Amino acid sequence: MYSEKVMDHFNNPRNVGEIENPSGVGTVGNAKCGDIMRIYLDIDNQGVIQDAKFKTFGCGAAVATSSMATELVKGKTVQEALSVTNKAVMEALDGLPPVKVHCSLLAEEAIHAALWDYAKKHHIGIAGLEEPVADIGQREE
Ligand code: FES
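Residues numbered from 1 in each chain as written. Predicted model: local features only at pLDDT ≥ 70, side-chain atom pairs only at ≥ 80, totals over all residues. Heavy atoms only, no water.

> Can you lay out the overall build of the chain for me, pointing to particular residues and giving the numbers?
Regarding its fold elements, the chain presents 4 helices and 3 strands. Listing the helices and strands of the chain from first to last along the sequence gives α-β-β-β-α-α-α. Its C-alpha atoms give the chain a radius of gyration of 14 Å, within 12% of the compact-globule value 14 Å for 141 residues. Counting only residues that meet the buried cut, the chain has 47% of its 141 residues in that class. Within the chain, contacts between residues separated by at least 24 positions form 61% of all contacts whose residues are at least 6 apart in sequence. About 7000 Å² of surface is accessible on the chain, with carbon and sulfur atoms providing 51% of the total. (Helix = DSSP H or I, 4+ residues; strand = E, 2+ residues; numbered from the N terminus. Rg over C-alpha atoms; globule rule 2.2 N^0.38 Å. Buried < 20%, exposed > 50% of the residue type's maximum accessible area, 1.4 Å probe, protein only. Contact = heavy atoms within 4.5 Å. Areas by Shrake-Rupley, 256 points an atom, 1.4 Å probe, with all protein chains shown as cover.)

The structure is reproduced here in structure tokens:
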């Protein structure tokens, strides 16, 4: 049912934890399944993501997608990080079962929420970034 990559990122998740004084932090949840994901970003003065960490209270696919999403945004500029969509995360994981696609949306939205927090703190705009919703369950309807 799950690809080897999903199982690998679930069993050995990368970037678990917190960043002290993060440049941006975003928390999103899905009220339908009750899962919650928080992503921390450390962004340097050039707007490059130096580090990313996550804490996920959620299903195995949510853990795997947070792990992959944090891997994918590291080294990217805040603008480039917008290319880390749920589709990009799923592709990097060699796919997810259809009932688990919404878990990857949580990862995309948590990154957006962390970028939004960063942009707000620095009084900048990130082109193409929309204000994230705290409960992505609403977005799917
Ligand atoms: Fe809710 Fe996976 S079941 S994020």
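Additional details are given in the paragraphs that follow.
> Would you mind going over the environment of A110 in detail, with residue names and values included?
If you trace the backbone, A110 turns up in helix 4 (residues 101-121). Overall, A110 belongs to the buried group, its relative accessible area being 0%. A sequence separation of 26 residues divides A110 from I136, and the C-alpha atoms of the two residues are 9.8 Å apart. Setting aside residues no more than four positions away along its own chain, A110 makes contact with G26, V28, M37 and I39.

> Provide a residue-level description of the nonpolar core, including the pertinent values.
With 39 residues, the main nonpolar core has I39, L41, I49, V73, I111, L115 and I126 as its most contacted residues. Of the residues forming this core, the biggest block, 10 residues, is contributed by helix 4. Leaving out residues up to four positions away in the same chain, I39 has contacts with G24, V25, G26, K53, F54, T70, A107, A110, I111 and A114. (Core = buried A, V, L, I, M, F, W, Y, C linked by side-chain atoms within 4.5 Å.)

> Give me the lowdown on helix 2 (residues 60-73), citing residues and values where you can.
Taking 1.5 Å of rise per residue, 14 residues should cover 20 Å, and helix 2 covers 20 Å from first to last C-alpha, within 8% of that figure. Among the 14 residues of helix 2, 11 are classified as buried, and the element is accordingly described as predominantly covered. For helix 2, the complete set of buried residues consists of A61, A62, V63, A64, T65, S66, S67, M68, A69, T70 and V73. As for helix 2, its buried residues are in contact with helix 1 (4-11), strand 2 (35-43), strand 3 (49-57), helix 3 (86-92) and helix 4. Directly after helix 2, the chain includes G75, whose backbone phi takes a positive value near 90°. (Expected span 1.5 Å × (residues − 1).)

> I'd like to hear about a nonpolar patch on the surface, residue by residue, with values.
Taken together, the side chains of M1, Y2, M7, F10 and V99 make up a nonpolar region of the molecular surface, amounting to roughly 530 Å² of accessible area. Mapped onto the elements, F10 comes out in helix 1. The class for F10 is partly exposed, based on a relative accessible area of 37%. (Patch = residues over 30% accessible without salt bridge, like charges linked within 9 Å, V, L, I, M, F, W, Y side chains within 5 Å. Salt bridge = Lys/Arg side-chain N within 4 Å of Asp/Glu carboxyl O.)

> Describe in detail the side chain of T65, supporting the description with residues and values.
Here T65 is to be found in helix 2. At 3.5 Å, the side chain of T65 forms a polar contact with the backbone oxygen of C103. Look past the residues within four positions of T65 in its chain and what remains in contact with it is M37, V89, L93, L96, C103, S104 and A107. (Polar contact = N/O pair within 3.5 Å; in protein donor to acceptor, adjacent residues only side chain to side chain.)

By themselves, these observations are geometric and do not establish any function.
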